[in-house]
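Understanding the architecture of this molecule
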Amino acid sequence: MKKALSVISAIALLASSVAATGCSKKEEATTKDGKTIINLWTFTDEVPGMVKKFMATHPDFAAKYEVKETIIPTTDGNYQPALNKALQAGGKDAPDFFCAEAAFVLKYTQGDMSSYAAPYKDLGIDVDKEIKDADIAQYSVDIGTNPNGDVVGLGYQATGGAFIYRRSVAKAAFGSDDPATVSAKIGGGSGSWDKFFEAAEELKKKGYGIVSGDGDIWHAVENSSDKGWLDGDSLYIDPKREEFLDLSKKLKDNNYHNDTEDWSDAWFADMKGEGDKEVLGFFGPAWLINYTIAKNCGSWVDTGEKDADGNAIQELDTSIGTWGDWAVCEPPIGFFWGGTWLIANKDSTKKEAVGQIIDWITLDCTKDGLQYMWANGTLNGEGGTKDSVASGTVMAMSDGSLDFLGGQNMFDVFVPANQYANGKNLTQHDEKINQKWRGQVRQYTAGNKSREDAIKDFKQEVADELDIH
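It should be emphasised that the depicted structure is a prediction, and the values quoted were computed from it without experimental measurement. (Residues numbered from 1 in each chain as written. Predicted model: local features only at pLDDT ≥ 70, side-chain atom pairs only at ≥ 80, totals over all residues. Heavy atoms only, no water.)

1. Overview of the overall build of the protein
Scanning the protein from N- to C-terminus turns up 21 helices and 12 strands. Since a compact globule built from 469 residues should have a radius of gyration of about 23 Å, the 23 Å found for the protein is in line with a globular shape. Based on the C-alpha atoms only, the size of the protein along its principal axes is roughly 70 × 55 × 45 Å. Counting the 469 residues in the protein, one finds 55% classified as buried. Expressed as a percentage of contacts within the protein between residues at least 6 apart in sequence, the contacts between residues at least 24 apart total 73%. Within the structure as shown, the protein displays about 19500 Å² of accessible surface, and the carbon and sulfur contribution to it stands at 45%. In the protein, which carries 48 positive and 73 negative side-chain charges, the distance between the mean positions of the two groups comes to 1 Å. (Helix = DSSP H or I, 4+ residues; strand = E, 2+ residues; numbered from the N terminus. Rg over C-alpha atoms; globule rule 2.2 N^0.38 Å. Buried < 20%, exposed > 50% of the residue type's maximum accessible area, 1.4 Å probe, protein only. Contact = heavy atoms within 4.5 Å. Areas by Shrake-Rupley, 256 points an atom, 1.4 Å probe, with all protein chains shown as cover. Lys, Arg positive; Asp, Glu negative; His and termini not counted. Charge placed at Lys NZ, Arg CZ, Asp CG, Glu CD.)

2. A word on the sheet that holds strand 12 (residues 340-344)
The strand order across the open sheet built from five strands is 2-1-3-12-4, with neighbouring strands paired in mixed fashion. Of all the strands in the sheet, just strand 2 (65-71) and strand 4 (153-155) have a single pairing partner and so form its edges. Taken pair by pair, the neighbouring strands of this sheet meet at an average axis angle of 25°, ignoring direction. Sheet topology note: the strand 1 (residues 36-42)/strand 2 ladder contains seven bridges and is parallel. Bridge pairing in strand 2 links Asn-39 to Lys-68. Against the sheet, helix 2 (residues 46-57) engages strand 1, strand 2, strand 3 (97-101) and strand 12, with an angle of about 170° to strand 2. (Pairing = 2+ DSSP bridges. Axes fitted to C-alpha atoms, helices over the stretch in contact; angles between N-to-C directions.)

3. Comments concerning the pairing of strand 9 (residues 299-306)
Within strand 9, only zero of the eight residues are buried, which leaves the element largely exposed. Pairing of strand 9 with strand 10 (residues 312-317), which is carried by five bridges, proceeds in the antiparallel orientation. Paired with Val-301 across the bridge in strand 10 is Glu-315. Joining the antiparallel neighbours strand 9 and strand 10 is a turn of five residues, in which Gly-310 adopts a positive phi near 85°.

4. What about the sheet that holds strand 8 (residues 281-284)?
Ordered by their spatial adjacency, three strands build an open sheet running 8-5-11, and the pairing between neighbours is antiparallel. Edge positions in the sheet fall to strand 8 and strand 11 (326-329), since each has one partner strand and no second. Averaged over all pairs of adjacent strands, the angle between strand axes in this sheet comes to 25°, irrespective of strand direction. One ladder, built from four bridges, connects strand 5 (residues 162-166) with strand 11; its direction is antiparallel.

5. Some remarks on the nonpolar core
Judged by nonpolar contacts, the single largest core of 141 residues is most densely connected at Phe-97, Trp-193, Phe-196, Ile-210, Ile-361 and Trp-437. Beyond its immediate sequence surroundings of up to four residues, Phe-97 is in contact with Ile-38, Asn-39, Leu-40, Trp-41, Val-51, Leu-342, Ile-343, Ala-344, Asn-345, Val-354, Ile-357 and Ile-358. (Core = buried A, V, L, I, M, F, W, Y, C linked by side-chain atoms within 4.5 Å.)

6. Concerning the side chain of Asn-425
Tracing the backbone through its elements, the reader meets Asn-425 in the loop between helix 19 (411-420) and helix 20 (430-445). A distance of 3.4 Å separates the side chain of Asn-425 from the backbone oxygen of Glu-222, its partner in a polar contact. Dropping the residues within four chain positions of it, Asn-425 is found in contact with Glu-222, Asn-223, Ser-224, Ser-225, Lys-227, Gly-228, Arg-241 and Asp-430. (Polar contact = N/O pair within 3.5 Å; in protein donor to acceptor, adjacent residues only side chain to side chain.)

7. Thoughts on the environment of Thr-70
With respect to the secondary-structure elements, Thr-70 resides in strand 2. The spatial distance from the C-alpha of Thr-70 to the C-alpha of Asp-45 is 9.5 Å, given a sequence separation of 25 residues.

8. Notes on unusual backbone geometry
Although it is not a glycine, Asp-76 sits at a positive phi angle of roughly 65°. Taking the relative accessible area as the measure of exposure, Asp-76 reaches 75% and is therefore exposed. For Asp-135, which is not a glycine, the phi torsion comes out positive at approximately 55°.

Nothing here speaks to function; it is all geometry.
Right, here's the structure in full:
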């Protein structure tokens, strides 16, 4: 997920968006050779890479259209404001389709900006039939359905979560690294944290932590709540989310973790086995294995070669660290974390063409579709990264065996995990509210304020910034 990006200046993008204000929505941009330009807005180079594959495998389409990509990272909060301005300005430079990630997708499918989202049925997609045929994970459909009941967004990944653990730590603490054994130890599928904390105590006696930090259980807590952060227009703290105060404090007071924060150097160090104490594992989807743990479990060394820009090319030395010492099992609580949804602009004059691209990425369940290539690591040739995808049909005909997991087929765990995920407890404000909640929880567990003050200050922060009471 944290990939190197080709970044376009946000200032230039905003200027072009404003300049587009005077353009007619019927006016179309074309290339010098007469191709119609389709504008894609996104925040990483991931979807543009998929579109390039689509163009390469659909020469008749590529003869008529050219896709122009605008990439603005979500870091520093630049993407959403620029996207909003471009959608509101309209005209030939407006996005014809765009990407939204889980942290803010509801704004564009069900919230303040959802009026710009075109129903998939208006793109020439036989929505109900194709969703059924592809067996798309229900949580992904729920998130992408607008208030009128129309599907306006779908993803290509399925991000149902599992427990990703170190085999060597499991053997040392439990006497076995078998996924069924570890799952039983941590209460896999129980819907309760009781066995998990019993395992944490067992690990502690052997000198290990169960997770790196409290953020490692947060997504399971958040996604298992019965309701989201809003009850109507009012702030609501679901009892399961409020319990995170107690779960986090229990982890810290008993020294069951290394008290790291996710995405910090200390968090990455625990993946490599170089933290204060070795930890059993992390909660996450397949992408956490592929793009985060796998890239932080060894040492990067110079190859002696340089890329086209003159930068040193590095490769991961998997003989150092924890590469290959991993497995996955069912978590105590079902959850999902992350994902990217594709949404078409209702004002686009190229809906049918956009629909062909979106359909190929999100719903095509043949071996020629993006989903199959993404699941089997064949998008850019054999031997690529395998990932969990939205289509259960594709997952059933794919092989998720990874050397990184000691040969385990991760799809055996991630396919059912996608069915446990809940897409009905999100709000369009989750990104900001989650940050404030987790910050107050850490203040409480650090002993800087009482439980009551942490809740009170959280409510005040949300009211001050979002005017939600």
